[in-house]
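One letter stands for each residue in the lines below.
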Amino acid sequence: MTAIKHALQRDIFTPNDERLLGIVNVCKAGKKKKNCFLCATVTTERPVQVKVVKVKKSDKGDFYKRQQTWELRDLTVVDAKDASKENPEFDLHFEKVYKWLASSTAEKNSFISCIWKLNQRYLRKKLEFVNVSSQLLEELPKAEESVPSGESQSAAGGDEDALEEYQELSAREEQDIESMMEMCEYAVSNAEAFAEKLFKELQVLDGANIQSIMASEKQVNILMQLLDEALAEVDTIEGKLSSYEEMLQSVKDQMDQISQSNRLIQISNTNNGKLLDEIQFLVNYMDLSKGHIRALQDGDLTSPRGIEACISASEALLQCMNVALRPGHEQLAAVNQQQKLFAELRDTFARRLTNHLNNVFVHQGHDQSSTLSQNTAELTLPKHSPLHRDLLRYAKLMEWLKNTQREKYEGLSRTYVDYMNRLYEREIKDFFEVAKIKMAGTSKEAKGKFATLPRKESALKQETESLHGSSGKLTGSTSSLNKLTVQGSNSRRSQSSSLLDMGNMSASDLDVADRTKFDKIFEQVLSELEPLCLAEQDFISKFFKLQQHQTVLPPLAQPETEDVDGSVPSRMPPQAEHRHSLSSEKDMVRLMMNKIFQSIEPELNSLIALGDKIDSFHSLYMLVKMSHHVWTAENVDPASFLSTTLGNVLVTVKRNFDKCISSQIKQMEEVKISKKSKVGILPFVTRFEEFAELAETIFRNAERRGDLDKAYVKLIRAVFMNVEKVASESQKTPRDVVMMENFHHIFSTLSRLKISCLDAERREAKHKYTDHLQSYVINSLGQPLEKLNHFFEGVEARVAQGVREEEVSYQLAFNKQELRKVIKEYPGKEVKKGLDNLYKKVDKHLCEEESLLQVVWHSMQDEFIRQYKHFEGLIGRCYPGSGITMEFTIQDILEYFSSIAQSH
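Everything numeric here is computed off the predicted structure, so don't read it as measured data.

1. Focus on the overall build of the chain
So, point 1. Regarding its fold elements, the chain presents 31 helices and 8 strands.
So, point 2. Residue pairs at least 24 apart in sequence account for 71% of intrachain contacts in the chain once pairs closer than 6 positions are excluded.

2. Quick look at the sheet that holds strand β3 (residues 50-57)
So, point 1. Taken in spatial order, the 8 strands line up as β4-β3-β2-β1-β7-β6-β5-β8 in an open sheet, and their pairing is mixed. Two strands close off the open sheet at either side, each with one partner strand: β4 (64-71) and β8 (128-130). Recorded for the sheet is a direction-independent mean angle of 30° between the axes of neighbouring strands.
So, point 2. The sheet contact formed by strand β2 (residues 36-43) and β3 spans 6 bridges and is antiparallel.

3. What to know about unusual backbone geometry
So, point 1. The omega torsion of the bond from R46 to P47 falls at 5°, within 30 degrees of zero and hence cis.
So, point 2. Looking at the element boundaries, P47 is found in the loop between β2 and β3.
So, point 3. Even without being a glycine, D17 presents a positive backbone phi close to 60°.
So, point 4. Tracing the sequence through the fold places D17 in the loop between α1 (2-13) and β1 (18-28).
So, point 5. The phi torsion at K81 lies on the positive side, around 75°, for a residue other than glycine.
So, point 6. Tracing the chain through its elements places K81 in the loop between β5 (77-79) and β6 (89-93).

4. Some details on the nonpolar core
So, point 1. Counting 175 residues, the largest nonpolar core has I540, L788 and V856 as the members making the most contacts within it.
So, point 2. Element by element, the count of residues in this core is highest for helix α13 (residues 406-440), at 13 residues.
So, point 3. Sequence-distant contacts of L788, defined by excluding residues within four places in its chain, comprise L819, V822, I823, Y826, F871 and M886.
So, point 4. Among the nonpolar cores identified, the runner-up in size contains 31 residues, and W116, L118, V132 and L137 belong to it.

5. Description of the packing of aromatic side chains
So, point 1. Tallying each qualifying case throughout the model produces 30 aromatic pairs.
So, point 2. Measuring from ring centre to ring centre gives 6.4 Å for F90 and F111, while their planes differ by 45°; the resulting arrangement is tilted. Here F111 lies in helix α2 (residues 105-123) and F90 lies in strand β6, a separation of 21 residues in the sequence. Residues F90 and F111 agree in their burial class; the two are buried.
So, point 3. Note on F597 and F641: the rings are 5.8 Å apart at their centroids and 25° apart in plane angle, and the pair reads as stacked. In this pair, F597 is assigned in the loop between α19 (585-596) and α20 (600-614) and F641 in helix α22 (residues 641-670), connecting sequence segments 44 residues apart. For the pair formed by F597 and F641, the shared burial category is buried.
So, point 4. Linked through ring pairs, F361, Y409, Y416, F539, F543 and F544 together constitute an aromatic cluster.
So, point 5. Above the ring of Y122, the side-chain terminus of R121 is found at 5.7 Å from the ring centroid.
So, point 6. Its guanidinium or amino end placed over the ring of Y419, R422 lies 5.2 Å from that ring's centre, counting from NZ or CZ.

6. Regarding the packing of α20 against helix α21 (residues 618-636)
So, point 1. Taken N-terminus to C-terminus, the directions of α20 and α21 make an angle of 145°; their axes are 8 Å apart at the nearest point. The residues of α21 that touch α20, namely those facing I608, G611, D612 and I614, are H618, S619 and M622.
So, point 2. Class assignment of the residues belonging to the contact of α20 with α21 gives a composition of 3 nonpolar, 3 polar and 1 charged.

7. Let's talk about a negative patch on the surface
So, point 1. A cluster of acidic residues, E173, E174, E178 and E182, forms a negative patch on the protein surface.
So, point 2. The residue E174 is located in helix α5 (residues 171-183) in this model.
So, point 3. For E174, a relative accessible area of 40% gives the class partly exposed.

8. Quick look at the side chain of T41
So, point 1. Summarising the element assignment, T41 is placed in strand β2.
So, point 2. Not counting chain neighbours up to four residues away, the residues in contact with T41 comprise F13, E18, R19, L20, Q49, V50, K51 and V53.

9. So, the pattern of salt bridges
So, point 1. Per the counting criterion, the structure on display carries 29 salt bridges.
So, point 2. Between R877 and E805 there is a salt bridge, with its nearest N and O atoms 3.4 Å apart. Remark: E805 occurs in the loop between α27 (786-801) and α28 (816-824) and R877 occurs in helix α30 (residues 853-878); sequence separation between them is 72 residues.
So, point 3. Judged by relative accessible area, which is 40%, R877 ranks as partly exposed.

10. Structural notes on the confidence of the model for the chain
For residues with low pLDDT, the predicted coordinates do not support detailed interpretation.
So, point 1. For the chain, per-residue confidence averages 78 on the pLDDT scale, and 82% of positions sit at 70 or higher.
So, point 2. Per-element confidence in the chain ranges from a low mean pLDDT of 32 for helix α16 (residues 481-488) to a high of 92 for β2.
So, point 3. Ignoring residues within four places in sequence, the model shows residues 140-166, a span with pLDDT below 50, making 16 contacts including any to other chains.
So, point 4. For the stretch residues 548-582, pLDDT sits under 50, and the model shows 52 contacts to residues farther than four places along the chain or on other chains.

11. Structural notes on the environment of K840
So, point 1. Mapped onto the elements, K840 comes out in helix α29 (residues 828-845).
So, point 2. When the C-alpha positions of K840 and I900 are compared, they lie 9.7 Å apart, and in sequence the two are 60 residues distant.

12. With respect to the packing of helix α23 (residues 683-698) against helix α25 (residues 735-753)
So, point 1. Taken N-terminus to C-terminus, the directions of α23 and α25 make an angle of 5°; their axes are 10 Å apart at the nearest point. On the basis of their axis angle, the class for α23 and α25 is roughly parallel. The segment α23 lies against α25, with V685, F688, E689, A692 and E693 engaging N742, H745, I746, T749, L750, R752 and L753.
So, point 2. Grouping the constituent residues of the contact of α23 with α25 by class yields 6 nonpolar, 3 polar and 3 charged.

13. Here we look at the environment of L301
So, point 1. Inspection of the secondary structure puts L301 in the loop between α8 (290-298) and α9 (304-321).
So, point 2. Note on L301: relative accessible area 6%, which makes it buried.
So, point 3. Separated by 56 residues in sequence, L301 and L357 have C-alpha atoms that sit 9.2 Å apart.
So, point 4. Apart from residues no more than four positions distant in its own chain, L301 is found in contact with I307, C310, F349, R352, L353, H356, Y394 and L397.

14. Thoughts on a nonpolar patch on the surface
So, point 1. Where nonpolar side chains cluster on the molecular surface, the patch consists of L169, I177, M181 and V188 and spans about 350 Å² of accessible area.
So, point 2. Here V188 is to be found in the loop between α5 and α6 (191-215).

15. Remarks on the pairing of β2
So, point 1. Of all 8 residues in β2, 8 are buried, a share of seventy percent or more.
So, point 2. The side-chain alternation of β2 yields two buried faces, one formed by C36, L38, A40 and V42 and the other by F37, C39, T41 and T43.
So, point 3. When β1 meets β2, the two strands line up antiparallel, connected through 8 bridges. The residue of β2 that forms the bridge with V24 is L38.
So, point 4. The turn joining β2 and β3, which pair antiparallel and follow one another in sequence, is formed by 6 residues.

Cut-off values and rules
Residues numbered from 1 in each chain as written. Predicted model: local features only at pLDDT ≥ 70, side-chain atom pairs only at ≥ 80, totals over all residues. Heavy atoms only, no water. Helix = DSSP H or I, 4+ residues; strand = E, 2+ residues; numbered from the N terminus. Contact = heavy atoms within 4.5 Å. Pairing = 2+ DSSP bridges. Axes fitted to C-alpha atoms, helices over the stretch in contact; angles between N-to-C directions. Core = buried A, V, L, I, M, F, W, Y, C linked by side-chain atoms within 4.5 Å. Buried < 20%, exposed > 50% of the residue type's maximum accessible area, 1.4 Å probe, protein only. Phe/Tyr/Trp six-rings, centres within 6.5 Å; stacked < 30°, edge-to-face > 60°. Lys NZ or Arg CZ within 6 Å of the ring centre and 35° of its normal. Nonpolar A, V, L, I, M, F, W, Y, C, P; charged D, E, K, R; others polar. Patch = residues over 30% accessible without salt bridge, like charges linked within 9 Å, V, L, I, M, F, W, Y side chains within 5 Å. Areas by Shrake-Rupley, 256 points an atom, 1.4 Å probe, with all protein chains shown as cover. Salt bridge = Lys/Arg side-chain N within 4 Å of Asp/Glu carboxyl O. Lys, Arg positive; Asp, Glu negative; His and termini not counted. Charge placed at Lys NZ, Arg CZ, Asp CG, Glu CD. pLDDT = per-residue confidence, 0-100. Parallel < 35°, antiparallel > 145°, perpendicular 65-115°, else oblique.

Next comes the structure, spelled out in structure tokens:
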């Protein structure tokens, strides 16, 4: 082990300026034995660093390499496993626990003892040794106690030598040893003889030293005499030093008294400085100027200068009241007196400010009410910007009141909300009355009068035209709606109606100009309400300082909603109201707005209901306008009062729109057709055309296009279904004619309007129109050459039974004589006469609106020519070489059809 120790010191630790003090041969416990060495080392440079190094022998060569290093200061626990029995296992606790198995218990104990000594000498940290024999840990202290005090240093040095165990020779020592060995020939070959020689020379030197000491006895006696004289002199000096010490002691006592006096003076100065600081603090932060006191007690709250003075005084008062007093200040009588004065000034000014603002609210409300009559004739809302401008001068005072007198602040808020609620309720009510009058086109008195008188349809129509001006006649595509009223709704029209019950009227009874007028009125209503609400909300946020901090909901913010029957529910008790809190002051602003403008939503719903009664198509205009305003309000603030209110009203408008669609579908299902006249274009088909034209105009670039597309799909499916239903029930007009005309009209409408969501329905309408046109042509044309057709049907039957075409003429019933006989029955004159009767019949079936007569007639011409060519072909194949032909040609057929069409 000594050779290994020297090799490790030379190869690994000396190049790193380290000394190897302890070593143990170990392997990891519980694993396959791979031996390595744990080494305890210290650095040669200061400060000394103590380390534990794991060294492993290289697999490829006979040399050692450093594998892992730990600082001894990171070691927390050394566990020897068993202190009473010999056990080579031990644990070292660094950042984790390392378990080792030593080659012998002696090596383990020697290594643990070295670790303990290094810790005691260099670190002296609290290192825990577990299951370690006390003898190993007490070895160093016992050695120190056994050595006399005078020899402690040498003992410590010996202990250090024992720790170090190995130390290299210096260069001087190496040279001396080499010179001694050179002088002795057998120094290398016989080391024992060389050592014996050195020992003998050492004894000779010791004897010479003793003789030299004994020869110098005389000099020793002289030295002892000199020492006695020196001792006497020392006693003399000690006496003088004692007297000096007594004198210095008296000086020291005097200096102590002076130092004590200076310390007391310094303490007094420090106390005086602190007292001055406290007085200056109280004077600076708890003193209110006389000008501020006068402003708080008697300041003018009406003039701008007086208001500014009151604001400065209130801010100064708030600073004085909120000053953070130091410990003990509250026990001072002057401080208590000032606090009492501040409280009295606060209460006095809060009472003055509350009374003044209450009067301002009442006065401004009355002044504003006196100007309402100026706006009743016009569809405008009064502007409240002057009131807001006057009140905003008090915004800082309201913030002061909110921070100092919460109850008075809440009382003012309630007062403001109550007065503004009454004011806005009157203004909004009058505003909506004007809007309703402009919508209905008459005064409220006339409206109430007309609402009670029953009328027939003609009188009602005249009244409606007079209410809406001179533009009572319908123009453009809406003219077709008159037919709906005459043809589809005559039998179901109520004989008694009122002006306010216009929901039963057809949309065609109103002019497009009236709808445009309604659209402008409704847009103006929304345009007037929007800035009014935004201005009021902005004022509340600024005046009541509600835009920044979290707060609890004051009692005023609880909305009082009226029941349907007009009764007002009881308010929550004040205690419950104060316990109810909101997450942010935005909610408080919104609830105050709900209280102030609680009449807006009912009035809007009432206006929407009136517009829907006047004309159900108004719901299209309202849906587009309301959607746009909701979208605009949500972009500004999705949670604002305006956004919420308009969103609620939008639900009502959307419901009316859905009701309008459902009403049209229901009217389609209930339509009745006349049994005595031809059907023509069905009323609901014309109504759908008008709806689509109107909707495309209104919904151009609108946000709610998806709702219209859904309505289109519902309506067109209902139109298709009910057209087929009416066509099946028709008695006067053939089913194919009803289907053909109406689906042609639908196809034309959809092609003209280019509604993308109805492309599939447009193709379906075209397909149905084409199919029923072909079916009607075939059924109406029938068999114009009936006997000839029956003859050739028999010929085709024989051919189908297996008779060859050229042999058909030998059949008795189908010989050439029979064919000539049948052909003679259809001269050109008879054919023309039959076609003329057919034209008159088709003319009776078709309506004039669609102008399909020529289309149908041309299709019949093509079908007739097709049948003619079919007969000619059969004659050529079955009667070849007979020379038999029809008594009229294709050119004759074209002339017959052309002349008949021109004659009519």
